[in-house]
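Here are the chains, one letter per residue:
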Amino acid sequence: MYIYDEIDQRIVDDRVNQFRDQTRRFLAGSLSEDDFRPLRLQNGLYIQRFAPMLRVAIPYGLLGSHQLRALAYIARKWDRGYGHFSTRQNIQFNWPKLEEVPDILAKLATVQMHAIQTSGNCIRNTTTDHFAGVAADEVIDPLVWCEIIRQWSAFHPEFAFLPRKFKIAVSGAEKDRAAIQVHDIGLQATQDEQGNICFRVLVGGGLGRTPIIGTEICAFLPWQHLLSYLDAVLRVYNRYGRRDNKYKARIKILVKELKPEVFRAEVEAEWAHLKDGPATLVAQEVERITKRFTRPAYQKLDALASGYVLALGRDKAFANWARRNVHSHKVAGYAAVTLSLKKTGVPPGDVTADQMDAIADLADRYSFGELRVSHEQNLILADVRQADLFELWQQARELGLATPNIGLLTNIIACPGGDFCSLANAKSIPVAEAIAQRFDDLDYLHDIGELDLNISGCMNSCGHHHVGHIGVLGVDKHGAEFYQISIGGAQGNDAALGKVLGPSVSQSEVPDVIEKLIDLYLERRDSAEERFVDVVRRIGIEPFKEHVYGGHHKKPAGRGEQLAVA
Amino acid sequence: MAVIIKNQQVAANNWLLLRPGADKSLPALPPAGDVIVSLAQWTAQRDALLARGGHLGVWLANTDDPAVIAGDLKHFELIAVDFPHFTDGRGYSIGRLLRERYGWQGELRAIGDVIRDVIFYLSRCGFDAFELKAGEDAQAALSAFGDFSEAYQTSVERPQPLFRRRVLGGGPATTQ
């Protein structure tokens, strides 16, 4: 955890007071609804379908047990006893009252949390690898750099009102678990030949209506220049990004319209003025931030705990869980554990207040009081002794948090969808549930192997359907909810955008389509090692199309009945 | 009398702001008095403007490039930046560029849809005068300068970012 100093705390407290005053003026009628709207959005407050929705920042997904308990407290006192972890490592409350939001923010501030810039056309919460600091394949720990970026982006005076929202992701490992290729700016922390820390800078990636993979505009940016370079990119975007059409306002459109090499030249020209200026980072600051992070006091342990190995051989259910939900760790004898928030019947990412308290206890008992939120909407205990895994598993199972499905089809990533969100065309949660129910046989699920399934309720793509091996997108067809299925997307180093399979289908037909896709995959894979997405890449989408729709011109058929085509 | 906020105080506004008509026609120049003219009017009537009495200011639209007037700064007493809406972020960059790149030292005024809630950001971008939109209470808005007691970034009013002040106390930086 990064521990605030007195100034960090003061800035967050100032924000609470500022927002309290804005809310008061709005309720008193001296701040108009139109003027209040962008101001409250910069504090994560949406007016949603039923009530305001408050999005609380979890900077780079790192959370202390005491903070999780505060979130549980908020869920009980000001909401309906639960929260929803989003795909951007934040948590959302769906039922707060507008007039009580300042009190919620004040409570958050007591545990060094806030809702700053979790919405609106500004620089949003910076996200990173959920295994940052513990991953075996890590080159540079991204956490320190994320905090430096958090401070730089918080209330940046020049970039509070960008053409559109702006998301930065940082990865420091060989395997990209932060989706840096589909962010407005993706930073890959690495080392140059002399061993100095530097960043590879990608720009203009994103999902949404116009999914684009980001372009590299700088191969080796020395760390000293990180902030001045970000200032340069943001200034070019702020000045020249389109503001006439919100669907064309993201930086990816500017990069595309200018051409990446022209955009790069603009940034270089701007940076020439800013480089070596006061925003240039200094070693003392990096050291200061590094020291303000608490780090686990690891014990010296054997690489493999014997009790753990014995339990794996003795208990098949435990072994299944370990295979999917336990991850390797850079420190001998430790492991990272994913607590699955994807139990069938529970909306993906939802956690009750009681579960939050219980998870906080698990974190205290087994993982140095710290946890992470993953962009797959699960929680991670990053520093668990192998010797404790069996006990942890038993307790997690009692809490309904040990579904052994990480990386599998039922680890569904889904936005809140039409049940909550006023932007959505269609519901996400019932679709996720119907799919999870169809694939509830664990052996079958493990046999299918690794498969990312993502559901978005609309083109805003909060469920990241473009990068799902199977993506499901809610669409509106003449006022009815339909779903467009795409396949072949991927996140990570080999990020790719899925291709649309064919005409959209009704809600009840989605599980049938998924099942048909899986049937064909199992028939065509060359071995259990060949994943669904590998088969799609090898044989293309045509065979899948044909299998689902029964030929190019015929109407799709599934489960003995005709599928309605929309 | 119309008022503005200047140097964190409520002050009288003695300037006449000239905006082009809906058909983009340039407004007539009053025979006397201080005027703020659009970039288009400055470009078109430069000699007439320099010849007339009274002080001269120019205002930039959100789409204007401040580089265009970089060589003309000595002719102006005041530069204003227009905000069609306070959420149009271009004006914030224009302010910084005028101060930090082109060296503008005189009054920098925010005009248009300026509300109390953006004063803190604007002042950090170099604005020292604010003509609030109709209905805003200038006296009450003065508290906006104290919305935050600290800020992380480099800014016009305080070029040294917090991290330098924290770790260096203003001393020299090492970047190795």
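Let us now look at the overall build of chain A. Broken down by element type, chain A carries 18 helices and 23 strands. Relative to its length of 566 residues, chain A is compact, with a C-alpha radius of gyration of 23 Å against a globular reference of 24 Å. Over its C-alpha atoms, taken along the principal directions, chain A stretches across nearly 65 × 60 × 55 Å. Looking at chain A residue by residue over its 566 residues, the buried ones come to 64%. Sequence separation of at least 24 residues holds for 68% of the intrachain contacts in chain A that already meet a minimum separation of 6. Summing over all exposed atoms, chain A offers an accessible surface of approximately 20500 Å²; the carbon and sulfur share of this is 50%.

What follows deals with the overall build of chain B. In terms of regular secondary structure, chain B is built from six helices and eight strands. Ordering the α and β elements of chain B from the N terminus gives β-β-β-β-α-α-β-β-α-β-α-β-α-α. Relative to the globule expectation of 16 Å for 176 residues, the C-alpha radius of gyration of chain B, 17 Å, shows essentially globular dimensions. Within chain B, buried positions represent 51% of all 176 residues. Total accessible area on chain B is roughly 7500 Å²; 51% of this is exposed by carbon and sulfur atoms. The centroid of the 18 positive side-chain charges in chain B is displaced by 6 Å from the centroid of its 20 negative side-chain charges.

Residue and element names in this part refer to chain A. The strand order β1-β2-β5-β4-β13 describes an open sheet built from five strands, whose pairing is antiparallel. In this open sheet, the two edge strands, each paired with only one partner strand, are β1 (45–47) and β13 (350–352). The mean angle between the axes of side-by-side strands here comes to 30°, regardless of whether they run parallel or antiparallel. Each of β4 (82–85), β5 (91–93) and β13 is contacted by helix α12 (residues 353–366), which is oriented at about 85° to β13, the strand it contacts most.

Moving on, we come to the interface of chain B and chain A. Listed per partner, the contact involves 42 residues of chain B and 49 residues of chain A. Summed over both partners, the interface of chain B with chain A comes to about 4000 Å²; 55% of that surface belongs to carbon and sulfur atoms. Three residues, Tyr121, Phe148 and Tyr152 of chain B, lead the burial of chain B against chain A; their summed loss comes to 17% of the area buried on that side. A salt bridge links Glu270 of chain A to Arg101 of chain B, with the nearest nitrogen and oxygen atoms 2.6 Å apart. Elements with a contribution of two residues or more to the side of chain B that touches chain A: α3 (90–101), α4 (119–124) and α6 (162–168) of chain B. Counting residues per element, the side of chain B that touches chain A draws most heavily on α3 of chain B, which supplies seven residues. Grouping the amino acids of the side of chain B that touches chain A by side-chain chemistry returns 18 nonpolar, 10 polar and 14 charged.

Two aromatic rings are characterised by how far apart their centres lie and by the angle between their planes. Tallied over the entire structure, the rule returns 30 aromatic pairs over all chains. For the ring pair Trp145 of chain A and Phe199 of chain A, a centre distance of 5.3 Å and an interplane angle of 75° mean the geometry is edge-to-face. Taken as a pair, Trp145 of chain A in helix α5 (residues 143–153) and Phe199 of chain A in strand β9 (residues 197–203) lie far apart in primary sequence, 54 residues in all. Connected via pairs of aromatic rings, a cluster forms that spans Phe161 of chain A together with Phe83, Phe86, Tyr92, Tyr121 and Phe127 of chain B. Residue placement shows Lys275 of chain A over the ring face of Trp271 of chain A; its charged tip is 5.5 Å from the ring centre.

Let us look at the sheet that holds strand β12 (residues 334–339) of chain A. Adjacent strands of a sheet pair through backbone hydrogen bonds, lying either parallel or antiparallel. All names here are of chain A. With antiparallel pairing, the five strands of this open sheet are ordered in space as β3-β14-β15-β12-β11. Of all strands in the sheet, those bounded by a partner on one side alone are β3 (62–64) and β11 (326–327). Here β11 runs beside β12; their pairing, made up of two bridges, is antiparallel. Looking across to β12, one finds that His327 is bridged to Ala336.

What the rule picks out here adds up to 57 salt bridges over all chains. The salt bridge partner of Arg25 of chain A is Asp117 of chain B, with a shortest N-O separation of 2.5 Å. Here Asp117 of chain B lies in the loop between β7 (107–112) and α4 and Arg25 of chain A lies in helix α1 (residues 6–28), a pairing that spans two chains. We note that Arg25 of chain A, like Asp117 of chain B, is buried.

All names here are of chain B. Taken as a whole, chain B shows an average pLDDT of 94; of its residues, 95% reach a score of 70 or greater. This model gives residues 171–176 a pLDDT under 50, and the stretch forms 12 contacts once residues within four places in sequence are excluded. Per the prediction output, this complex has pTM 0.91; the corresponding ipTM is 0.95.

Rules used in this analysis
- Residues numbered from 1 in each chain as written.
- Chains lettered and ligands numbered in written order.
- Predicted model: local features only at pLDDT ≥ 70, side-chain atom pairs only at ≥ 80, totals over all residues.
- Heavy atoms only, no water.
- Helix = DSSP H or I, 4+ residues; strand = E, 2+ residues; numbered from the N terminus.
- Rg over C-alpha atoms; globule rule 2.2 N^0.38 Å.
- Buried < 20%, exposed > 50% of the residue type's maximum accessible area, 1.4 Å probe, protein only.
- Contact = heavy atoms within 4.5 Å.
- Areas by Shrake-Rupley, 256 points an atom, 1.4 Å probe, with all protein chains shown as cover.
- Lys, Arg positive; Asp, Glu negative; His and termini not counted.
- Charge placed at Lys NZ, Arg CZ, Asp CG, Glu CD.
- Pairing = 2+ DSSP bridges.
- Axes fitted to C-alpha atoms, helices over the stretch in contact; angles between N-to-C directions.
- Buried area = accessible area lost by both parts, 1.4 Å probe.
- Salt bridge = Lys/Arg side-chain N within 4 Å of Asp/Glu carboxyl O.
- Nonpolar A, V, L, I, M, F, W, Y, C, P; charged D, E, K, R; others polar.
- Phe/Tyr/Trp six-rings, centres within 6.5 Å; stacked < 30°, edge-to-face > 60°.
- Lys NZ or Arg CZ within 6 Å of the ring centre and 35° of its normal.
- pLDDT = per-residue confidence, 0-100.

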